[in-house]
Amino acid sequence: MMNPIDVIKQTRNEARKVLDANADVCFLALASPNGEASVRTLVLRDIIENRFSLFINQSSPKWQLLSEGASYQLLLWYPSQQRQFRISGRSEPIDSAAVRTNWQRRPSGSKYLDYVYNEFAAQSSALDSREQLTSEIERLKSLHKPDDMTPPDQVTGVELIANEIELLDLNSDDRIHDRLRFSLSAGVWSSKPLVP
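Throughout what follows, the structure given in this document is the object of discussion. (Residues numbered from 1 in each chain as written. Predicted model: local features only at pLDDT ≥ 70, side-chain atom pairs only at ≥ 80, totals over all residues. Heavy atoms only, no water.)

### Side note on the pairing of strand β6 (residues 83–93)
By the bridge criterion, five bridges tie strand β5 (residues 71–78) to β6 in an arrangement that is antiparallel. Within β6, the position partnered with Y78 by the bridge is R83. Taking the residues between adjacent antiparallel strands as the criterion, β5 and β6 are bridged by four residues, where Q82 takes a positive phi near 55°. (Pairing = 2+ DSSP bridges. Helix = DSSP H or I, 4+ residues; strand = E, 2+ residues; numbered from the N terminus.)

### Some thoughts on helix α5 (residues 130–143)
For α5, built from 14 residues, the straight-helix expectation of 20 Å at 1.5 Å per residue is met to within 8% by its first-to-last C-alpha distance of 20 Å. Of the residues making up α5, those classed as buried are E136, I137 and L140. Each buried residue of α5 sits inside an arc of 100° when the element is viewed along its axis, so together they form one side. Residues of α5 that are exposed and point over 90 degrees away from its buried face: E131 and S142. Residues of α5 that are buried make contact with α4 (108–119). (Expected span 1.5 Å × (residues − 1). Buried < 20%, exposed > 50% of the residue type's maximum accessible area, 1.4 Å probe, protein only. Arc of directions from axis to C-beta. Contact = heavy atoms within 4.5 Å.)

### Some details on the side chain of S59
Following the sequence through the fold, S59 ends up in the loop between β4 (51–57) and α2 (61–67). Residue class for S59 comes out buried when judged on its relative accessible area of 15%. Side-chain polar atoms of S59 contact the backbone nitrogen of Q123, separated by 3.1 Å. In this view, S59 contacts Y117, A122, Q123 and Q154; residues no more than four positions away in its chain are not counted. (Polar contact = N/O pair within 3.5 Å; in protein donor to acceptor, adjacent residues only side chain to side chain.)

### Points about the pattern of salt bridges
In total, this model carries 16 salt bridges according to the counting rule given. For R16, the salt bridge goes to D24, with nearest N and O atoms at 2.6 Å. We note a salt bridge from R139 to E136, for which the minimum N-O separation is 2.7 Å. Note that R139 and E136 are positioned in helix α5 at a spacing of three residues, about one turn of the helix. A network of salt bridges, in which partner residues are shared, links R86, E164, E166, R179 and R181. (Salt bridge = Lys/Arg side-chain N within 4 Å of Asp/Glu carboxyl O.)

### Let's talk about the nonpolar core
Counting residues in each nonpolar core, the largest one holds 31 residues, and the members touching the most others are L28, F52, L76, F85, I87, L160 and I165. Going through the elements one at a time, α1 (4–17), β1 (25–31), β4, α2, β5, β6 and β7 (155–169) are the ones with two or more residues in this core. Here this core takes five residues from β7, the largest share from any one element. Those residues in contact with L28 that sit more than four places away from it in its chain are S38, V39, R40, L42, L54, L66, Y72, Q73, L74 and L160. Counting residues in hydrophobic clusters, the runner-up holds 11 residues, among them W103, Y115, M149 and V155. (Core = buried A, V, L, I, M, F, W, Y, C linked by side-chain atoms within 4.5 Å.)

### Observations concerning the layout of surface pockets
Considering only enclosed or pocket space, the largest pocket measures out at about 300 Å³ in volume. Contributing to the lining of the largest pocket are 16 residues, with L42, F55, R106, Y117 and Q123 lying nearest its centre. Of all the secondary structure elements, the ones that give two or more residues to the lining of the largest pocket are β2 (37–43), β4 and α4. Residues belonging to the lining of the largest pocket are distributed by class as follows: seven nonpolar, four polar and five charged. In this structure, the second largest pocket spans a volume of roughly 190 Å³. What lines the second largest pocket is simply R45, D46, I48, S53, F55, I94, A98, N102, R105, R106 and E159. Elements supplying a minimum of two residues to the lining of the second largest pocket: β3 (46–48), β4 and α3 (96–103). The class makeup of the residues in the lining of the second largest pocket is four nonpolar, two polar and five charged. (1 Å grid on protein atoms, 1.4 Å probe; cavity = no way out; pocket = protein on both sides within 12 Å on 5 of 7 lines; lining within 4 Å. Points joined across faces, edges and corners; volume = space filled by probe spheres on them. Nonpolar A, V, L, I, M, F, W, Y, C, P; charged D, E, K, R; others polar.)

Quick look at the structure:
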């Protein structure tokens, strides 16, 4: 039986080899309790077993939705490999110690943004101008060296735990695409072909 997690990892590795722009990102779709949909692009940090790790800030609207148990779907699209994966399941917070350890590996620009969210304005807040943001980042740079920074309390992470994965493979010469739905039950993946 094909393990969809292995297929995702292999496809992602092949995408990285050819510098696919989507190799390290994912697209997270959320549905609010009143049915409003939202989609955003995020860095996909890690894939361990059926757990997909994302780092987010608690000031973000997506954190609010996830912490309230919003339904999600994670989309991975690797154009260089002509494969798409749609991932559904449940979510749970990542251990704060793991988040803090990984935060130190983030680029300095991302660290400064976490400080912005903590000290200046929540993520997705409206600004009068972009200069407000760049000015605040310059102020923070004058106060903090990247290597001396510590993660603010609002930095967190979430694991999206897959129990269903759909694979769409567009590599067929006959243009009849392969589509499979994988379901996880009692630790075992099963699959069914779908009409593309």
